[in-house]
Structure formats: C-alpha cells, structure tokens
Amino acid sequence: MDIKCSVFIAASVDGFIARPDGDIEWLHKPEYETAELNGVTYESFIATVDALVMGRKTLEKVLSFPEWPYEGTPVIALSRQRLELPEHLEGKVEVMAGDVTSLVVALAERGMKHLYIDGGQTVQAFLEAGLVDELIITRIPVLLGQGIPLFSQVGSVHGLRHVGTHVSDNGFVQSRYQLTAGTRAA
C-alpha cells in the first residue's frame with residue numbers, strides 16, 4: 001500500500017491537545033498568530049495532503065469555527081453514527097465508517113498518496129493499526145494541567161526516529177518523527 005499517513009498536531013507542554021471540554025482557544029493567542037514559525041508550516045504541510053481524516057468529535061469542533069478551514073482539501077470524517085452535515089459542506093466532507101486499515105486501503109485505491117490524520121482518538125486508532133508514517137508535533141508553551149491527551153495511556157510501543165526539531169521565537173517547539181521500520185502495518 002503506497003500511501004503516507006501523517007499527524008500534524010499541536011499540544012501543550014504537558015501533552016494535551018484540548019481542554020477537558022474540547023476547547024482549543026488557548027491555541028489562539030495573538031502572539032502565536034503573528035510570530036514567524038520555524039519548521040514545517042501548516043500551509044506547506046497541507047499543500048502536500050490529498051485528504052484530511054478526522055473523527056466525529058474533531059469535526060464537531062471544527063464546525064464551531066467561524067469559517068471552514070479546509071477549503072480545497074477533501075475531509076473524511078470517521079463516524080459510526082449518521083452525521084448531518086451543514087449544506088455548505090456538501091461535497092467537501094465525506095463520512096465513512098469501518099476500521100482505519102480498510103479506510104486507508106479504500107483511499108489508496110482512489111489514488112490518494114498522503115493523508116493528514118487529526119483528532120485524538122483518530123490519531124490513536126491509526127497508531128494502533130500501524131498506519132502512521134510521521135508525527136509532526138508542535139509543543140505550545142503552556143501547561144493546561146488537564147485535558148484531552150495527545151496519546152492515550154493504553155497502547156503499544158512505537159519506535160520513532162527523530163528527523164528534526166525547530167524552535168520559534170514565540171516558544172513553539174516543533175519536532176518531527178518518522179515511525180521506525182517494523183511499526184507500520186502493510
């Protein structure tokens with residue numbers, strides 16, 4: 001299967017991707033928005049992606065944003081429940097169910113080469129299935145104390161090879177890892 005699955009995500013220094021209620025406003029401080037970032041920018045990353053795969057909870061969070069942030073990028077929402085999508089997202093979001101390995105095979109058969117995996121439970125499911133090729137994690141200089149963890153406490157060991165780390169003037173620390181051979185299911 002010739003498809004790359006990448007995680008590009010921000011987390012607090014203590015490892016949370018959101019507050020316990022899913023709030024991510026802590027990511028949107030003015031000094032974060034205006035700073036020049038070193039490393040892989042979101043814009044350069046998303047330009048390489050054929051589709052974004054996210055879970056239902058992440059989609060529900062994104063739907064609360066003032067505007068749709070993924071214009072031009074197909075979004076696959078994973079859900080076992082029926083989802084009612086707003087009319088303006090018709091043709092932009094596809095809801096799929098089933099295991100992540102079958103999903104990746106189906107998307108590869110459609111000719112997709114690079115998937116962006118987002119959302120805590122979805123990232124964990126792809127990791128556990130051995131489907132993640134790279135992790136790009138940007139640590140935000142804040143301690144949340146509690147919240148939704150980037151990685152769950154349950155799971156198997158995954159070897160990583162450090163590719164690089166970049167520090168930005170605003171305190172962001174971005175590290176890029178490749179999963180080492182033998183950790184990806186084929």
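Just so it is clear, the model here is predicted, and its values are computed rather than measured. (Residues numbered from 1 in each chain as written. Predicted model: local features only at pLDDT ≥ 70, side-chain atom pairs only at ≥ 80, totals over all residues. Heavy atoms only, no water.)

1. Quick word on the environment of Val173
Logical step 1: Relative to the helices and strands, Val173 is located in strand E10 (residues 173-179).
Logical step 2: Residue classification places Val173 among the partly exposed residues on the basis of a relative accessible area of 29%.
Logical step 3: Sequence separation of Val173 and Leu83 is 90 residues, and the distance between their C-alpha atoms is 36 Å.
Logical step 4: Aside from chain neighbours lying at most four places away, what touches Val173 is Ile137, Thr138, Arg139, Thr165, His166 and Val167. (Helix = DSSP H or I, 4+ residues; strand = E, 2+ residues; numbered from the N terminus. Buried < 20%, exposed > 50% of the residue type's maximum accessible area, 1.4 Å probe, protein only. Contact = heavy atoms within 4.5 Å.)

2. Notes on the nonpolar core
Logical step 1: One finds Val53, Ile76, Leu103, Leu107, Leu115, Ile117 and Phe126 to be the most contacted residues of the largest nonpolar core, which totals 28 residues.
Logical step 2: Sorting the residues of this core by element identifies strand E1 (4-12), strand E3 (51-55), strand E4 (75-78), helix H4 (100-109), strand E6 (114-118), helix H5 (120-128) and strand E7 (134-140) as the ones contributing at least two each.
Logical step 3: Those residues in contact with Phe126 that lie beyond four places of it in its chain are Cys5, Val53, Leu78, Val100, Leu103, Val104, Ile117, Leu131 and Val132. (Core = buried A, V, L, I, M, F, W, Y, C linked by side-chain atoms within 4.5 Å.)

3. Some words on the sheet that holds E7
Logical step 1: Ordered in space as E5-E4-E3-E6-E1-E7-E10-E9, the 8 strands form an open sheet in which the pairing is mixed. At either margin of the open sheet sits one strand with a lone partner, and together these are strand E5 (93-96) and strand E9 (160-167). Shown here is a sheet whose adjacent strand axes are inclined to one another by a mean of 20°, direction ignored.
Logical step 2: As defined by bridge partners, E3 adjoins E4 across 4 bridges and the pair is classed as parallel. Pairing of Val53 across the sheet is with Ile76, part of E4.
Logical step 3: The strands that helix H3 (residues 56-63) touches are E3, E4, E5 and E6; relative to E3, the one it contacts most, it runs at about 105°.
Logical step 4: Along the sheet, H4 contacts E1, E3, E4, E5 and E6; its crossing angle with E4, the most-contacted strand, is approximately 160°. (Pairing = 2+ DSSP bridges. Axes fitted to C-alpha atoms, helices over the stretch in contact; angles between N-to-C directions.)

4. A closer look at H3
Logical step 1: Turning to H3, its buried residues number three or more, namely Thr58, Leu59 and Val62. Projected onto a plane normal to the axis of H3, the buried residues spread over an arc of 100° and lie on a single side.
Logical step 2: Buried residues in H3 make contact with E3, E4, E5 and E6. (Arc of directions from axis to C-beta.)

5. Things to note about the environment of Cys5
Logical step 1: Residue position: Cys5 is located in strand E1.
Logical step 2: On the accessibility criterion, Cys5 (0% relative accessible area) is buried.
Logical step 3: Linking Cys5 and His114, residues 109 residues apart in sequence, is a C-alpha distance of 5.9 Å.
Logical step 4: Ignoring anything within four residues of it in the chain, the contact list for Cys5 reads Val104, Leu115, Ile117, Phe126, Leu131, Val132, Asp133 and Glu134.

6. Focus: the pairing of E9
Logical step 1: Alignment of E9 against E10, held across 7 bridges, turns out to be antiparallel. For Thr165, the partnering residue across the bridge sits in E10 and is Ser175.
Logical step 2: Connecting E9 to the next strand, E10, in antiparallel fashion are 5 residues, including Gly171 with a positive phi near 95°.

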